[in-house]
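# Descriptive structure summary
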Amino acid sequence: MNQISMPPPPIIDFKSVLAAHRASVPRYTSYPTAPQFQAGAGPALMDQMLRDLSADEPVSVYIHIPFCDRLCWFCGCHTRHTLKYAPIRKYLASLHQEIRLLSDRLPCPPRLKSLHLGGGSPSLLKQQDMADLRAALADTFQFEPDTEISIEIDPSDANTELYDGLLALGVTRASIGVQDFHPEVQKAINRPQSFEQTQQVVQRLRKIGIQSINVDALYGLPLQSTDRLRDTLAQCVALQADRMALFGYAHIPWFKKHQRLINEADLPDTMMRFEQADMAAHFLQNAGYQAIGIDHFAKPHDALSIAAQNGKLHRNFQGYTTDNCKTLFGLGASSIGRFDGGYVQNQVATGQYQECVANDQLPTAKGVKLSIDDKIRAHLIERLMCDFRICFATLEQHFSGQIDSKNLQIYRREAIQMAAQDQFGLCRFSQDALIIPPEARAFTRIVASGFDAYYQRETAQYSKAV
Ligand SMILES: C[S@@+](CC[C@H](N)C(=O)[O-])C[C@H]1O[C@@H](n2cnc3c(N)ncnc32)[C@H](O)[C@@H]1O
Ligand code: SF4
């Protein structure tokens, strides 16, 4: 039988793409992005969020624990180094007070679809504190048999007490920070962590019944090469993680001062970052993972893969998720909450957060109310980031009753114009859909920024586009 040979995918002139676009682009874990949140707008929006919540609506909760017992030089998270437990204990007291303040304002305990503890390192919490947190949350939200409870774990925190604590909290998914296993890379980012130590943690988690494991790794780190990254990925595959997140290292020393400890001469340039990301995507797919959005990978059985296949993937502040709740409560310093009408963010500084709750005030500091234009652009950007395509017929269904279909033509026209003006093959408009072809997926954030009305006129600095 004659084989029909397919033409190779067009090669994207990656240098020209980057030269033609701004070097930094948002990661679009929300739209509008955090720099658009306005100081002072938070409390009124939080009131609206509570008013808008219907009695039978399931909700999600994110809890931020901004403490670590080590300070990795690459870290871009909102966290503080401490070797003492006293500040953590004090913070937890404030967290309990915030939960009580929220509980007083809720007409009845909402069903809890998912709970995520992030940080910092929530794995620092003592067993009793995890049990107490679960009890406080159970007074405010209804846990259900299928409530997903996930937590970020720094393997260097692991001890017997941690595993008992995870059981007390009812954790169903653990996310393990790996970053890179090469000793020289680890030295350059101040994060020593052996494969054996990490493997023991994964094995122990599975033994106590936490079956779903995510591993975080990074590309673009100092002294990282494609070969070193490949070795790290092979070790991550050996851990048999169900999911992997492979983030590009965001070097933002103007914002995270400790990143100045990283020798910039050791950082791979943009071309090398691109090659690392490209190699990683091929390597993980050959190892049996499916690519999810721009930086996640999951085994075919995993809920993320199934959601991605069914067009049900979502994006939030933690990255890609199957969570489709309209309402997300963000608890703890700097946490961001979301509801249909907007976003709210808590006081970022831990001291100010604690002061607010001590005065019996919800610590909401900033926020942004969404116009219908924001909601539509948020939807367009989310679909591009999740599916690499926007189908304009489904857009009309999605917003039916909220906007006249005539007004939706604006967005279709924008998409057609974006495709017509694109000289690099990043997107095309075909059969009423804007499509990012597989070979251009590394540039998804750039294409998505075409729908970002704020990005077009602002000067905020984000991380590298690739
Ligand atoms: C809160 S941390 C992980 C939990 C735990 N503290 C640990 O380090 O293992 C969440 C993840 O954010 C990612 N991350 C942190 N700083 C980053 C940066 N500057 N650029 C890109 N990703 C970063 C890392 O992959 C990290 O595992
Ligand atoms: S990477 Fe994790 S352990 Fe390291 S400083 Fe950041 S949050 Fe803490």
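Analysis parameters
Residues numbered from 1 in each chain as written. Chains lettered and ligands numbered in written order. Predicted model: local features only at pLDDT ≥ 70, side-chain atom pairs only at ≥ 80, totals over all residues. Heavy atoms only, no water. Helix = DSSP H or I, 4+ residues; strand = E, 2+ residues; numbered from the N terminus. Rg over C-alpha atoms; globule rule 2.2 N^0.38 Å. Buried < 20%, exposed > 50% of the residue type's maximum accessible area, 1.4 Å probe, protein only. Contact = heavy atoms within 4.5 Å. Areas by Shrake-Rupley, 256 points an atom, 1.4 Å probe, with all protein chains shown as cover. Lys, Arg positive; Asp, Glu negative; His and termini not counted. Charge placed at Lys NZ, Arg CZ, Asp CG, Glu CD. Near = heavy atom within 4 Å. Nonpolar A, V, L, I, M, F, W, Y, C, P; charged D, E, K, R; others polar. Salt bridge = Lys/Arg side-chain N within 4 Å of Asp/Glu carboxyl O. Domains from an automatic or database assignment. Buried area = accessible area lost by both parts, 1.4 Å probe. Polar contact = N/O pair within 3.5 Å; in protein donor to acceptor, adjacent residues only side chain to side chain. Pairing = 2+ DSSP bridges. Axes fitted to C-alpha atoms, helices over the stretch in contact; angles between N-to-C directions. Phe/Tyr/Trp six-rings, centres within 6.5 Å; stacked < 30°, edge-to-face > 60°.

## Things to note about the overall build of the chain
A count of helices and strands for the chain gives 15 helices and 20 strands. The C-alpha radius of gyration of the chain comes to 22 Å, within 12% of the 23 Å expected for a compact globule of 466 residues. Overall size of the chain, expressed as C-alpha extent along the three principal axes, is 65 × 55 × 50 Å. Here the chain holds 466 residues, and 54% of them are scored as buried. Contacts in the chain between residues far apart in sequence, at least 24 positions, make up 73% of those at least 6 positions apart. Of the roughly 20,900 Å² of accessible surface on the chain, a fraction of 51% belongs to carbon and sulfur atoms. Within the chain, the 49 negative side-chain charges are centred at a point lying 2 Å from the centre of the 47 positive side-chain charges.

## Topic: the site of ligand 2
The environment of ligand 2 is made up of Cys68, Arg70, Leu71, Cys72, Phe74, Cys75, Gly120, Ser121, Asp154 and Arg191. Looking at the shell around ligand 2, its residues break down into five nonpolar, two polar and three charged.

## Topic: the pattern of salt bridges
Using the criterion set out here, one finds 15 salt bridges in the structure. One salt bridge in this structure joins glutamate 184 and arginine 228, with 3.1 Å as the shortest N-O distance. Of this pair, glutamate 184 sits in helix H6 (residues 183-189) while arginine 228 sits in helix H8 (residues 226-238); the two residues are 44 residues apart in sequence, bridging distant segments of the chain. Since its relative accessible area comes to 42%, glutamate 184 is described here as partly exposed. Among the ionic pairs, aspartate 227 bridges to arginine 230, the shortest N-O distance being 2.8 Å. With aspartate 227 and arginine 230 both in helix H8, this residue pair falls three residues apart, about one helical turn. Using a relative accessible area of 32% as the deciding quantity, one classes arginine 230 as partly exposed. Members of the salt-bridge network, linked through shared partners, are Arg70, Asp154 and Arg191.

## As for the domain arrangement of the chain
Per the domain assignment, the segments making up the chain are domain 1 (14-25 + 371-449) and domain 2 (34-368). Put simply, the middle of domain 1 and the middle of domain 2, counted by C-alpha atoms, are 28 Å apart. Counting residues at the interface gives 15 residues for domain 1, matched by eleven residues for domain 2. Carbon and sulfur atoms supply 67% of the area that domain 1 and domain 2 bury against each other, a total of about 1,100 Å² over both sides. The largest share of the area that domain 1 buries against domain 2 comes from Phe14, Met385 and Cys386, three residues that together contribute 42% of it. Linking domain 1 with domain 2 are zero salt bridges, by the criterion used here. Between domain 1 and domain 2 we count five residue pairs in polar contact (both at pLDDT 80 or more) in total. Elements with a minimum of two residues in the side of domain 1 that touches domain 2: helix H1 (14-20), helix H12 (372-387) and helix H15 (444-449). With six residues, H12 is the largest single contributor of residues to the side of domain 1 that touches domain 2.

## A look at the side chain of glutamine 276
One can find glutamine 276 in helix H9 (residues 270-286). For glutamine 276, a relative accessible area of 1% puts it in the buried group. Apart from the residues within four sequence positions on either side, glutamine 276 is in contact with Tyr219, Gly220, Gln224, Ser225, Thr226, Leu229 and Pro268.

## Describing the sheet that holds strand S20 (residues 433-435)
Taken in spatial order, the three strands of this open sheet run S18-S20-S19, and their pairing is antiparallel. Two strands in the sheet have a free side with no partner beyond their single neighbour: strand S18 (389-391) and strand S19 (428-430). When the angles between neighbouring strand axes are averaged without regard to direction, this sheet yields 20 degrees. Sheet topology note: the S18/S20 ladder contains three bridges and is antiparallel. Looking across to S20, one finds that cysteine 391 is bridged to alanine 433. Those strands touched by H12 are S18 and S20, and its axis lies near 130 degrees from that of S18. Sheet strands in contact with helix H14 (residues 405-421) are S19 and S20, and its direction is about 125 degrees off that of S19.

## Observations regarding the environment of aspartate 231
Following the sequence through the fold, aspartate 231 ends up in helix H8. Along the primary structure aspartate 231 and aspartate 180 are separated by 51 residues, whereas in three dimensions their C-alpha atoms are 8.9 Å apart.

## Considering the packing of aromatic side chains
By the definition in use, this model includes eleven aromatic pairs. Measuring from ring centre to ring centre gives 5.7 Å for phenylalanine 37 and tyrosine 343, while their planes differ by 15 degrees; the resulting arrangement is stacked. Placement of phenylalanine 37 in the loop between H1 and strand S1 (38-39) and of tyrosine 343 in strand S16 (residues 342-346) is noted, with a sequence separation of 306 residues between them. Taken as a pair, phenylalanine 37 and tyrosine 343 share a single burial class, namely buried. When the ring of phenylalanine 392 is compared with that of phenylalanine 429, the centres are 5.8 Å apart and the planes differ by 40 degrees; the resulting orientation is tilted.

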